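# Working through the structure, step by step
For reference, the chains in residue letters:
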Amino acid sequence: KGRVGAVPVFDGVIDFTRISPKGAPVTYTFSAEGSAREFLKILNEEPLALLKTTKLSPTQFSGKARARVTISRPNLKVADRSDYGYSGRVDFSDVTIADFFRGGDHEGAAGRLDLKSRSMNVRADARFGDAPVTIDWVQQFFSGDSTFNVDGVFDSATGDFFGVPTRQVLRGPVKFKAAA
């Protein structure tokens, strides 16, 4: 039991498989539950720096998160970032990202983050303006490579929100997919 930043952790286990020789792996496994903002403050620190390649800040996020995580590292005073191992799952709900795009909020997101040593994948259902969207974001930690896919429904009101005049060409909702 304890805390990482402002996030309470519980059901923790530390596994020293062996003390000698130096550098043998140590595994830390724990559960955590708290606000999405506080989780992201932690995930945005090195070595993960989750939001580093985005224009987002943890302070823009609100909502709930619950995780089960395993971290392994060599039993040394100082270990290189590449020697750390991560695995885990974070489930989140009722998440809002304030001022996500053109002053609009990304609301009601629910989904999960799957964490691996070299990457993470976020899958979520949410609303952007009035449009329901599904997000799939894969971020590679060391290379910085990223894929971001969104699909959902676009209508005239959504076009207004994005500043795209569509009233002359759209009548009713249209499904869309976007990738970056």
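The following paragraphs examine the structure supplied in this document. (Residues numbered from 1 in each chain as written. Predicted model: local features only at pLDDT ≥ 70, side-chain atom pairs only at ≥ 80, totals over all residues. Heavy atoms only, no water.)

## Digging into the packing of aromatic side chains
One pair of aromatic rings is described through two measures. These are the centre distance and the angle between the planes. Scanning the model with the defined rule gives two aromatic pairs in all. Here the aromatic rings of Tyr84 and Tyr86 are separated by 6.2 Å at their centres, their planes lie at 15°, and the arrangement is stacked. On the basis of relative accessible area, Tyr84 is assigned to the partly exposed category, the value being 22%. Here Phe154 and Phe176 contribute two aromatic rings whose centre-to-centre distance is 6.3 Å and whose plane-to-plane angle is 85°, an arrangement assigned as edge-to-face. Of this pair, Phe154 sits in strand S9 (residues 146-154) while Phe176 sits in strand S10 (residues 174-179), and the two are 22 residues apart along the sequence. (Phe/Tyr/Trp six-rings, centres within 6.5 Å; stacked < 30°, edge-to-face > 60°. Buried < 20%, exposed > 50% of the residue type's maximum accessible area, 1.4 Å probe, protein only. Helix = DSSP H or I, 4+ residues; strand = E, 2+ residues; numbered from the N terminus.)

## Digging into the environment of Gln60
Summarising the element assignment, Gln60 is placed in the loop between helix H1 (36-43) and strand S4 (61-74). A C-alpha to C-alpha distance of 9.9 Å links Gln60 and Ala36, two positions 24 residues apart in sequence. A distance of 3.5 Å separates a polar atom in the side chain of Gln60 from the backbone oxygen of Asp99. (Polar contact = N/O pair within 3.5 Å; in protein donor to acceptor, adjacent residues only side chain to side chain.)

## Some thoughts on unusual backbone geometry
The backbone of Asp94 sits at a positive phi, close to 55°, despite the residue not being glycine. Among the structural elements, Asp94 can be located in strand S5 (residues 85-101). On the basis of relative accessible area, Asp94 is assigned to the exposed category, the value being 52%. A positive phi angle, close to 50°, is found at Asp99, a residue other than glycine. Inspection of the secondary structure assignment puts Asp99 in strand S5.

## Digging into the nonpolar core
Formed by 33 residues in total, the largest nonpolar core has its most connected members in Phe39, Leu50, Phe92, Leu113, Leu115 and Met120. Elements represented by at least two residues in this core include exactly strand S2 (7-16), strand S3 (25-35), H1, S4, S5, strand S6 (104-116), strand S7 (119-128) and strand S8 (131-140). (Core = buried A, V, L, I, M, F, W, Y, C linked by side-chain atoms within 4.5 Å.)

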